[in-house]
Amino acid sequence: PEHPLTEEAHVRKIASLLHQKKYKETLETCQTFLDRHSASSWKGEILYLRGEVFFEEGDFPAALKTYEESLREEGEKPWRPLARLNQGWSYFKMKEINKALPIFQELSEEEMTRDSALFGVALSYRSQEKYEEAILVLEKLLKHPSQKEWHNKALLEKAEIEYKF
C-alpha cells in the first residue's frame, strides 16, 4: 500500500512541482493536501503556493482570491510578505493601480520584498503618468538593490521614462 506523505513532505513536493512549472499537478497536489489536512498549520502555505500557480498562469483574479485566503491563516510565516506582494502584482496586472500602489508602498519598507515593491511603486506611478515620482523611486532602488536583477530592471525602466518624457 502507498504510504501517505507527511504534511511537510507534501509541502516540499508541491513547491518542487511549482518550481518545475508542473501547474496542473501542483494544483491537484494542493487540493489533495487540503482535503486530507484541512486543519493543518501548513494550510496557509499551501494556499499561497496555489496562488502562485494561478499567478504564473496569468489568472490574476484567482491568484488574488487564493492569496487572500492564505493570508487569513494564523501565524507569522515567511511566505506572508510574498503573498501580499503578489496580491499587489495581481492588482497591477489587472490595471487596478489604486489597489496595487498601497500594497507596494507598504512592502517597500520590508527587506524581503523591498526591491520588487519599489519597482511596483515606480511602475504604478508611471502608469498614472507621475513620471518624476517614478524616477525618484527608481533612483532609490538603484542606490541599494539587493539583487543585480532589480538594479538592471530599474536602470532600463528609468532610461525608458527619461527617453519618452
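See above for the structure.
Source: prediction; values computed, not measured. (Residues numbered from 1 in each chain as written. Predicted model: local features only at pLDDT ≥ 70, side-chain atom pairs only at ≥ 80, totals over all residues. Heavy atoms only, no water.)

Enquirer: Teacher, can you tell me more about the overall build of the protein here?
Expert: Across its full length, the protein holds 9 helices and 0 strands. When the helices and strands of the protein are listed from N to C terminus, the series reads α-α-α-α-α-α-α-α-α. Expressed along its principal axes, the backbone C-alpha trace of the protein runs to roughly 65 × 30 × 30 Å. Here the protein holds 165 residues, and the buried ones make up 46% of them. With the model as given, the accessible surface of the protein reaches about 9700 Å², and the carbon-plus-sulfur share is 51%. (Helix = DSSP H or I, 4+ residues; strand = E, 2+ residues; numbered from the N terminus. Buried < 20%, exposed > 50% of the residue type's maximum accessible area, 1.4 Å probe, protein only. Areas by Shrake-Rupley, 256 points an atom, 1.4 Å probe, with all protein chains shown as cover.)

Enquirer: Would you take a moment to explain the pattern of salt bridges for this structure?
Expert: In this structure the tally under the stated criterion is 13 salt bridges. Of the charged contacts in the structure, one is a salt bridge between Glu73 and Lys43, with a shortest N-O distance of 3.9 Å. One end of the pair, Glu73, is in the loop between helix 4 (60-71) and helix 5 (80-93); the other, Lys43, is in helix 3 (residues 43-56), and 30 residues separate them in sequence. With a closest N to O distance of 3.4 Å, Glu149 and Lys153 form a salt bridge. You can see Glu149 and its partner Lys153 sitting in helix 9 (residues 148-164), 4 residues apart, about one turn around the helix. With relative accessibility at 41%, the residue Glu149 sits in the partly exposed group. Counted as one network, the salt bridges with shared partners bring together Arg126, Glu157, Glu160 and Lys164. (Salt bridge = Lys/Arg side-chain N within 4 Å of Asp/Glu carboxyl O.)

Enquirer: Is there a simple way to think about the layout of surface pockets in this case?
Expert: The gaps of empty space that remain are located by a probe, the size of a water molecule, rolled over the atoms. The calculated volume of the largest pocket comes to roughly 430 Å³. Lining the largest pocket are 22 residues, with Leu85, Asn86, Trp89, Ser116 and Trp150 positioned closest to its centre. Listed by contribution, the elements that provide at least two residues to the lining of the largest pocket are helix 3, helix 5, helix 7 (114-127) and helix 9. Partitioned by chemical class, the residues of the lining of the largest pocket number 10 nonpolar, 5 polar and 7 charged. (1 Å grid on protein atoms, 1.4 Å probe; cavity = no way out; pocket = protein on both sides within 12 Å on 5 of 7 lines; lining within 4 Å. Points joined across faces, edges and corners; volume = space filled by probe spheres on them. Nonpolar A, V, L, I, M, F, W, Y, C, P; charged D, E, K, R; others polar.)

Enquirer: For this particular structure, what's the right way to read the nonpolar core?
Expert: Across soluble globular proteins, you tend to see nonpolar side chains buried next to one another. Among the nonpolar cores identified, the biggest contains 48 residues, and Ile46, Trp89, Phe92, Phe104 and Phe119 are the most heavily contacted of them. If sequence neighbours within four positions are ignored, Ile46 has contacts with Val11, Ile14, Cys30, Phe33 and Leu34. (Core = buried A, V, L, I, M, F, W, Y, C linked by side-chain atoms within 4.5 Å. Contact = heavy atoms within 4.5 Å.)

Enquirer: Any chance you could explain the environment of Ala122 here in plain terms?
Expert: If you trace the backbone, Ala122 turns up in helix 7. On a C-alpha basis, the gap between Ala122 and Lys95 in space is 14 Å, while along the polypeptide they are 27 residues apart. Setting aside residues up to four positions removed in sequence, Ala122 forms contacts with Ala134, Val137 and Leu138.

Enquirer: I tried to follow helix 7 on my own but got confused; where do I start?
Expert: Each full turn of the α-helix corresponds to 3.6 residues, which orients residues three or four apart in the same direction. With 14 residues, helix 7 should cover 20 Å at 1.5 Å per step; its first-to-last C-alpha distance of 20 Å lies within 8% of that length. With 13 of 14 residues buried, helix 7 lies mostly within the body of the structure. Looking at the residues trailing helix 7, positive phi occurs at Glu129, about 65 degrees. (Expected span 1.5 Å × (residues − 1).)

Enquirer: Please explain the packing of aromatic side chains as it appears in this structure.
Expert: Ring pairs (aromatic) are described by centroid distance and by the angle formed between their planes. With the rule as written, the count across this model stands at 6 aromatic pairs. Ring geometry for Trp89 versus Phe104: centroids 4.7 Å apart, planes at 55 degrees, classification tilted. With a gap of 15 residues between them, Trp89 in helix 5 and Phe104 in helix 6 (residues 97-107) connect regions that are remote in the sequence. Take Trp89 and Phe104: they sit in the same class, and that class is buried. Put simply, the rings of Tyr48, Tyr67 and Trp79 pair up and form one aromatic cluster. Lying over the aromatic face of Trp150, Lys153 brings its terminal NZ or CZ to 4.4 Å of the ring centre. (Phe/Tyr/Trp six-rings, centres within 6.5 Å; stacked < 30°, edge-to-face > 60°. Lys NZ or Arg CZ within 6 Å of the ring centre and 35° of its normal.)

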